[in-house]
Structure formats: structure tokens, C-alpha cells
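Residues per chain, in single letters:
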Amino acid sequence: MRSFRLLLAGIALFGAVPASAQTVAITGGRVVIGDGTEPIDGGTVVVRDGRVVAAGANVAVPAGAQVIDARGKWVTPGIVAGFSRIGLVEVDAVDPSNDIQAATSPFSAAIDVVPAINPQSSSIAVSRAAGVTRAVVSPATARSIFAGQGAVIDLGGDMNPITRARAFQYIELGEDGAADAGGSRAAAHVLLRNALREARDLRLPIGGGGRGRPQGAAPPEDLAENPYIGAGTQRSDDVLLTRFDAAALVPVLQGRQLLLVHVERASDILQVLALKREFANLRIVLVGATEGWRVADQIAAARVPVIANALNDLPATFEQLAATQSNVGRMREAGVQVALGMINDDEARQVRLLSQYAGNLVGIGRVPGHTGLSWSQAFAAISSGPAEAVGLGGEIGSLRPGRRADVVIWDGDPLELSTGVEAVWIDGVRQDLTNRQTRLRERYRQPQEGALPHAYEPR
Amino acid sequence: MRAQVAALGAAALLFGCANQGVQDVRPAAEGTPPPQRAASADPYPSTYRPYPSVPTAITNATIFDGEGGRIENGTIVLAEGRIQAVGGPDTPIPEGATRIDGQGRWVTPGVIDVHSHLGDYPSPGVDAHSDGNEITSPVRPEVWAEHSVWPHDPGFSRALANGGITTLQILPGSANLFGGRGVTLRNVPARTVQGMRFPGAPRGLKLACGENPKRVYGSRNQMPGTRMGNVALMRATWQRAVEYRERRRRDPNTARDMALDTLVEAMDGQILIHNHCYRADEMAIMLDMAREFGFRISTFHHAVEAYKIGDLLRANGTCAAMWSDWWGFKMEAYDAINENVPLVHQAGACAIVHSDDANGIQRLNQEAAKAVADGRRMGIQISDEVAWRWLAINPATALGIQEETGSLRVGKRADVVLWNGNPMSVYTRPQQVWLDGALLYDMNDPRRRPVSDFELGQPGEGDVK
């Protein structure tokens, strides 16, 4: 939806690019910190060594800094896509280019999206040009309720996309989970409980824990990722999960890895919250929660964050009968920590719509009966909100000091439809905003051929 | 994924039916008895009647007239279901008219969506409701989308309340080369589809190019399995229609063929052709095919590559109905650009913003706003009021209802939206929506908020949506 104006020509960002050591000061703009506080007019943002040094009013410009005049512009942290499948697919319907799910793999929870993420996929360049700088990337389920482990990535034009590998395990416990588990929600729940017990029952190799290893065990490099995978691990014959899958669930069980659970129906949400009574260490994040407003008090009391679609308002399934665009606003009003994501909504390519969606949540505030978000809450729902939901609020999602320097300059209100992106920095590195779409646009400014066919046009 | 579902899912779901009779349209066997009576000019006729209205005047509003005009401090008067007057602050207001102060608000014609599957793929999207693709043969011009429409689809009400949609065309899906007849509806809750049919509106004929037909039937080892197969089977079918028309001319007792009747009516211009076609090269082939057989294509739908052939579209008088920014969900959508709509407009062709989606139809104004902004950034200066043609007179013309609706001309149906701000802004929603002068949505009045039969007694019944 956003513009792709190229301000800085000639930047080619292929191959690893180190964080810029240069100090940059962006001055005079309307600065949005991204943490829910109000925008600051005439603010300054200072970036050095890939991190935010300071942002706000009365921030001094360090000597020697490159100064960028942003008067009349808005300066914000980059958008964080709270739920996506960006980088996992080039063309959805072209199976070989699509790594979202593994329909015939013997593995489930052990799947890790990191090797599949392609930092040069078109969707990353297109989304970056629209001001999206980070994304939560999840695999999808196929034959199990466990999709595998998702990552948090940056959308920079280099070959190092991973911000946090194996940030979470993603599971389905609603209609999709029922189908994945053999046909019922009850089966999905028993599958989950069995899996967590299989993970609990995994025994480390004798002297295990990664320090002392039994004689003749596999060489250390094979065990580096997760000691529970080791060949010396004792298992019962009576198991459903592969050793790899069970081992992958140990950090979930121990609360060292987040568990993102997709459910929509109010009763399903309560069942997920109840899991914490059985498995006390689980760190759950709800994904979806279209009917969350119906049980918002319970979600808030459980202190479980939610990553929700902004605008679901159709009873698209029987688990979304109470869908309303007020869902996010009502949950937030009840004290739930809510961020926006793209759940089963063009999540591989259209995360750039998040700013439009957030704007809509501001707009409904003027419709009687609706509960929307304030502008600053709405922006936080696509910046610091998702960062905090996945445990990275200290690293990304805002312009607070010390955060990674993901900065966007917009030519107007970033939630407004007419606004375009003028410049993007990721980890302090100024980004190229061209992509296939901008190149096609330039080629076909005039549809008719000239002296030579379009394919020969000089650039 | 929603895009993918709309474009592909329906076609892909039903491979289990592959063993059904999948031959082309067959002419009636020789010796079939002649028909006992003549065909009705319009079977399944509209029973829609405008709801009661009161004379209403909106004053002080910014008016986009839907044809490119703009009036500041404008007044519009609705009476007896029709637009009675449009003009400046000195426009006379009949005595006793309900007056609405439009200060800070905008008035536009009701939004028209030329491409929807509401009712045919309704919510909830369960298999039992999947009624948009007669996926038993690539040639199915005998099916009519209106015979699949479930009037209680909750999506109609969302399109009204959030999108200001007053008229929409329901089309069959794109699994088949000849998908069947489309129907144009008034966006009013009704017990029957006839109660929604736009009186007098011509029906549509859905054609599909490209990936969907060849994938669906090629995977059954059946024609078409390629794009050249698509074209060959289309040509063979049109030729059969030409011969059938000639037979009927010579002998009025020729046995009726429901499939070929649709094609003959399309060749005669009584049915307007709506052609799902993404790629520029395929659109050019379809324009040649239209010349070969003497039909006219009203509109290419989805038309992701229309920007590559804006000149051809203009020369042929064919509209392009487009999304603002959908892309990449399949190979033929790979070359999408955000500036497609403004580039087509700039080429002098007829540009339309369409939805094809139960969510997108709630925000067509926002789709137009994104497209016009992207156009301006590449130097194509189109005003907001001219861009509103993409949602109003252009789709009305594509549907053959431009004399009845699609702009705020005196005498047209009073299909009007009062927006609570600039409708090109993300922060704006419909405040009130009138169909034929009848107030059918009012954001301040919960009693003017339709609740479908399906939603009665369910969680969220009657809630804001």
C-alpha cells in the first residue's frame, strides 16, 4: 500500500553488511517512540552502531553526526509484523517455492524455519519498502498440532535475516488443531498433553546436561543444539513423537521457549489458559483469539499476551461467530496485552497492510458501540506490542535507547492510506527500497514499446 | 491466504468429483421434440421493491458525484427513492424534508462492487456453503450464480455498514472457462435472491483465462490442460454458439440448449461478459477472440497486468477491474504493481476497483485511496473525486446500470453514502447509507443495523461489526 520512493540511489545491499558505525541524527520530524506514548513534534532521533542512542525532544545532535532533515515528516520505529510467514514463500501456489508447511514430513515440533527463510524473497523487499522492518515468522501445521519452531527476523537487504532463531513453538488447538489431531479438539488436547509428557520423560544422557557425556556418545557438535536429542537419551517404546520432536518440546515445557497457540473460540481460549495449571512453566502467547473479547478478563488475569487479527468481523468459521472489529480494543480495555498480526490473512506477502489495519482500529473509535484504539495504542500494536509479545521488547519495536536502530521516515501519518515511506534503516543501515514492483512500474510508465522493446529499456 | 482462498481454494477443493460427466456442452440430440412454449424473457425476475423513504436533504457536505465532479458545501435532496437535486448551498430543499447537517462529512454515491462472491461463498465458509464453482465441466454457461446465492450471508451486512456497498455483482468462480451467469444485486436483506435482484440489470457471463481452468481440468487429464487448451476449448464453444444461433434463426423450434442460450445472449449484448484474466498477453488474446466471434468483453477482472496494455483496453472500450495491491499469491499475479489502477486510468481506459473478497468489499474506498496515492507518488495526479469513478460510474457502466445508479445525477436511484469524514482516509466510516432513498444503515441507530438469520441467537448477535 505504501510508496516505494527511492531516496538513496545506488545502495546495493547484497551480502552481509555490518551495522553502520556512523552516527545519524534525524531531526525536526514528528517522532513516534512506538511504546504507546504520544508523538513528539520537532523531535530528534540519534542512531549509532546500529542502535538507538536517543529519541525525543531536546535530544542533542552529536558532533560529526550525519544530519537528516525530517521536518514535515514522521519518524517512527519500523513496523513489526506480529505474526507472519514472510520469507517462507515466493509464490503461494507454486509449491516448490513454498516452505510454509511440510505435509508429508515425519517431523513436527522439531521443524525450525531458519534454514527455509530466504532474505531475498520478493515479499521481504516489498514489505521493507512499506516500512516493515521485523517479523515474527511461523511455520504452519500439516499432520500434527505442532507446526514447529518460528523465528523473529529482520527485513534488511542482506543475507543475515535472523534476529532470534527458535523463538517459539507454534501449535493449533482450534478447528485446525482438531483436524491435525485426527478429528476433534479433544484429540488435539490429548495429543498435546501426551507430547509434553514425552518431552518431560526424556532423560538426558548419563552425566548429561551437556557437560559430561557418556563414553562413545556422539561428538559434541551433534549435541550442541539440544542435549535431549542425544543418542544416549533413554526413551520408552510407548511413544508417539520422534526423538527430535520430543526434544524440541523440552524448552517449551521448561518455559525457555514461548508457546504460540492459535485458537479463536472463547471456550478454546479458556482451555488454553487452563494449560498453565497443568504445566506451570509454559509461557503462552495466544494467536488469533477472534472471540477474545468474550473472555478478556480471564486472559488479562492470566497475563497471557495476544497476537490478533485487527479486522475480523465475519463469522467466517463456527469458531469465529462473535467476530467484531472491536475485539482488539475491548481486550485492551480489559487489560490484555494485544498486538496485531496477520493470521491466515496473506501473511506471507501482505504484512504491509498492518499499518492500514491499525488505522482502521483508530477509525472505529468514532462509531458508537465500537471500541477502538487511540492512535498511539494502535501504532504500538504494530511496533512495541508484537516485540513484547515475543519477548523482544528490549531489542526491537521502539525508539527507546538501546533498541536496534530500525527507523522509518514517512511523508505523513504512517497509519494513513495516502502516506508513503521515504527512508528505512534496519540495524542502523540505510535500506534500498526498490523491488520487482517498483521496477515493473518504471518499465511500464508508457505501455507502448519505444525504439526497442521494453526488455531493452535502459534504467 | 484469504486472497488465495478466493482465487484458488474453491477450484482446488473438489477434485473428488472428477469422474462426473465432463464433456463439453452438447447440442440437443436430433429428434428431440420441439419446446412446448417460448422462453420467458426474464425467468426468476426481480421482486425487489424500494423500502419506504422520507424526503431527505443533506447540506454543507463535500460531495463526490461519482462521475468526477466535486461540490463543496454541497446539498443533496433525496425524495421518492430518487435523487431530486444536487448542488451548492442555494439548492432548494422541499418543505418537511428531513435535514442532515453534513458539515465535515462527505457524500458519495453508494459503492458498487463489480466482483463479489457473497452468497455463493458465504460465511461461515463451510463445505456445505461452497456454491460458487460448478466444477464438473470447464464449460458451464448454463449455471446461474443467483441460483447459489444464500441471501442470509452475514457478509452482505458488513459490506453495507463498513463499505457503503449498495450494489454488487455476484459472479460464479473461475474454475471453469465458462463459469455461468452473474447477477447484480441490491445490497438489501431479503428472504429470496429475487428480492435482491437489481430490477432490469443485465446478467453477466463469467469467463476465465489462465491458471485456474487449466489446473483444475488438466489435473484430471482432461482438456484444458494448458493455456492453448483454454483458448481452443473456448473457441470451439463459441463456434457452437454461432451455429446454434443460426439454427434457431432458421428454425425457431430448434430444441433449446440452456448453455448455448447464455452464449447467444452474450453475443447479442443482452448479457455482459466479465472475464477473469490476469495476464496482459492473455487479455490481448481474449480481445481478438471477441472480434473473431462477435462478442464484446465488458470487463477484465483481476487484470493484474492491465497496466501493460492500457492502450489496448482503451482502444477496445474494455474496463479493467483491479485490486489495489494484491500480488504474488499465484504465478499469474506475480507482476502486480501498486500503480495498476492509476496507470490504467491514465491510459484513458476504464478503471474499476473491485474486491473479490468478503473483507475487501468492506474497504473498497480504502483500496481506491491507496491506489490514487501510489499513482500520485509516481507523478499521476488524479483528484479524489475523479478517483471515485473507480467505485461508482465505472463499475455501473461495466454492469450496464449506469442510467439507474453509479452517480448522483438527478433522477437516478437515491443510492447514497454519508461518510463521517473524507472517505479516502483510513479513519472514516459510513455514517448513513440509503438505498433508493430508504435509510438502511445508520451508525448512530442500532435498529438500522441488519442482523442476518444466521446470526440470530449466536454470540455477538447485533453487535457492531
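Everything numeric here is computed off the predicted structure, so don't read it as measured data.

A word on the domain arrangement of chain A
Residues and elements named next belong to chain A.
Working step 1: Taken as a whole, chain A is organised into domain 1 (24-77 + 402-436) and domain 2 (79-389).
Working step 2: Between the C-alpha centres of domain 1 and domain 2 the distance comes to 30 Å.
Working step 3: At the interface, 25 residues of domain 1 touch 26 residues of domain 2.
Working step 4: Elements represented by at least two residues in the side of domain 1 that touches domain 2 include exactly strand 5 (74-77), strand 14 (407-410) and strand 15 (421-426).
Working step 5: Examining the composition of the side of domain 1 that touches domain 2, we find that three residues originate from one element, strand 15, more than from any other.
Working step 6: Its residues placed into classes, the side of domain 1 that touches domain 2 shows 12 nonpolar, six polar and seven charged.

Observations concerning the nonpolar core
Working step 1: Ranked by internal contacts, the top residues of the largest apolar core, which has 278 residues, are Ala81(A), Leu286(A), Ala358(A), Ala320(B) and Ile352(B).
Working step 2: Both of domain 1 (24-77 + 402-436) and domain 2 (79-389) of chain A provide at least three residues apiece to this core.
Working step 3: Ala358(A) has contacts with Ala310(A), Leu340(A), Ala378(A), Phe379(A), Ala381(A), Ile382(A) and Leu415(A), leaving out every residue within four places of it along the chain.

A short note on the pairing of strand 3 (residues 82-87) of chain B
For a regular strand, side-chain orientation follows a simple rule: the groups alternate between the two sheet faces.
Residue and element names in this part refer to chain B.
Working step 1: As paired elements, strand 2 (residues 70-79) and strand 3 share five bridges and run antiparallel to each other. Looking across to strand 3, one finds that Val77 is bridged to Ala85.
Working step 2: In this antiparallel pair of consecutive strands, strand 2 and strand 3, the connection spans two residues, and Glu80 shows a positive phi of 50°.

Re the interface of chain A and chain B
Working step 1: Each partner contributes to the interface: chain A provides 51 residues, whereas chain B provides 55 residues.
Working step 2: For the side of chain A that touches chain B, the secondary structure elements donating two or more residues are helix 1 (122-128), helix 10 (354-363) and helix 13 (436-443) of chain A.
Working step 3: Of all the elements, helix 10 of chain A adds the most residues to the side of chain A that touches chain B, at five residues.
Working step 4: Partitioned by chemical class, the residues of the side of chain A that touches chain B number 21 nonpolar, 18 polar and 12 charged.

What about the sheet that holds strand 10 (residues 272-277) of chain B?
All names here are of chain B.
Working step 1: Read across the sheet, eight strands follow the order 6-7-8-9-10-11-12-13 without closing on themselves; strand pairing throughout is mixed. Since the sheet does not close on itself, it has two edges, and those belong to strand 6 (111-116) and strand 13 (351-353), each with one partner. Across the sheet, the mean angle separating the axes of adjacent strands is 25° when strand polarity is ignored.
Working step 2: Inspection of the sheet shows strand 6 paired to strand 7 (residues 165-170) by four bridges, in the parallel sense. From the neighbouring strand, Asp113 faces strand 7, where its bridge partner is Leu168.
Working step 3: Its contacts with the sheet place helix 9 (residues 364-377) against strand 6 and strand 13, and it is angled at close to 130° to strand 13.

What to know about the confidence of the model for chain B
Working step 1: The pLDDT averaged across chain B works out to 93; a share of 91% of its residues lies at or above 70.
Working step 2: Overall, residues 1-30 of chain B carries pLDDT values under 50, and its contacts beyond four positions in sequence, including any with other chains, amount to 59 contacts.

Concerning the environment of Thr136(B)
Working step 1: Within the secondary structure, Thr136(B) sits in the loop between strand 6 and helix 2 (155-163).
Working step 2: In sequence terms Thr136(B) and Tyr217(B) are 81 residues apart; their C-alpha atoms lie 9.2 Å from each other.

Considering the packing of helix 4 (residues 227-250) of chain B against helix 6 (residues 280-293) of chain B
Residues and elements named next belong to chain B.
Working step 1: One can describe the packing of helix 4 onto helix 6 by two numbers: an axis separation of 11 Å at closest approach and a directional angle of 20°. When the axis of helix 4 is compared with that of helix 6, the two are roughly parallel. The way helix 4 lies across helix 6 gives a crossing that is right-handed. Packed against helix 4, whose contacting residues are Arg227, Val231, Met234, Arg235, Trp238 and Val242, the element helix 6 presents Glu282, Ile285, Met289 and Phe293 at the interface.
Working step 2: Here the contact of helix 4 with helix 6 is built from residues that sort into seven nonpolar, no polar and three charged.

Here's the deal with the environment of Ala398(B)
Residues and elements named next belong to chain B.
Working step 1: Tracing the backbone shows Ala398 in helix 11 (residues 393-398).
Working step 2: Judged by C-beta crowding, with 27 C-beta atoms within 10 Å, Ala398 ranks as buried.
Working step 3: For the pair formed by Ala398 and Ile63, sequence separation is 335 residues and the distance between their alpha carbons is 23 Å.
Working step 4: In contact with Ala398, not counting residues within four places along its chain, are Val114, Ser298, Thr299, Cys319, Ala321 and Ile352.

Basis of the calculations
- Residues numbered from 1 in each chain as written.
- Chains lettered and ligands numbered in written order.
- Predicted model: local features only at pLDDT ≥ 70, side-chain atom pairs only at ≥ 80, totals over all residues.
- Domains from an automatic or database assignment.
- Contact = placed C-beta atoms within 7 Å.
- Helix = DSSP H or I, 4+ residues; strand = E, 2+ residues; numbered from the N terminus.
- Nonpolar A, V, L, I, M, F, W, Y, C, P; charged D, E, K, R; others polar.
- Core = buried A, V, L, I, M, F, W, Y, C linked by C-beta atoms within 7 Å.
- Buried ≥ 20, exposed ≤ 12 C-beta atoms within 10 Å, placed from the backbone.
- Pairing = 2+ DSSP bridges.
- Axes fitted to C-alpha atoms, helices over the stretch in contact; angles between N-to-C directions.
- pLDDT = per-residue confidence, 0-100.
- Parallel < 35°, antiparallel > 145°, perpendicular 65-115°, else oblique.
- Left-handed = near helix turned anticlockwise from the far one by under 90°.

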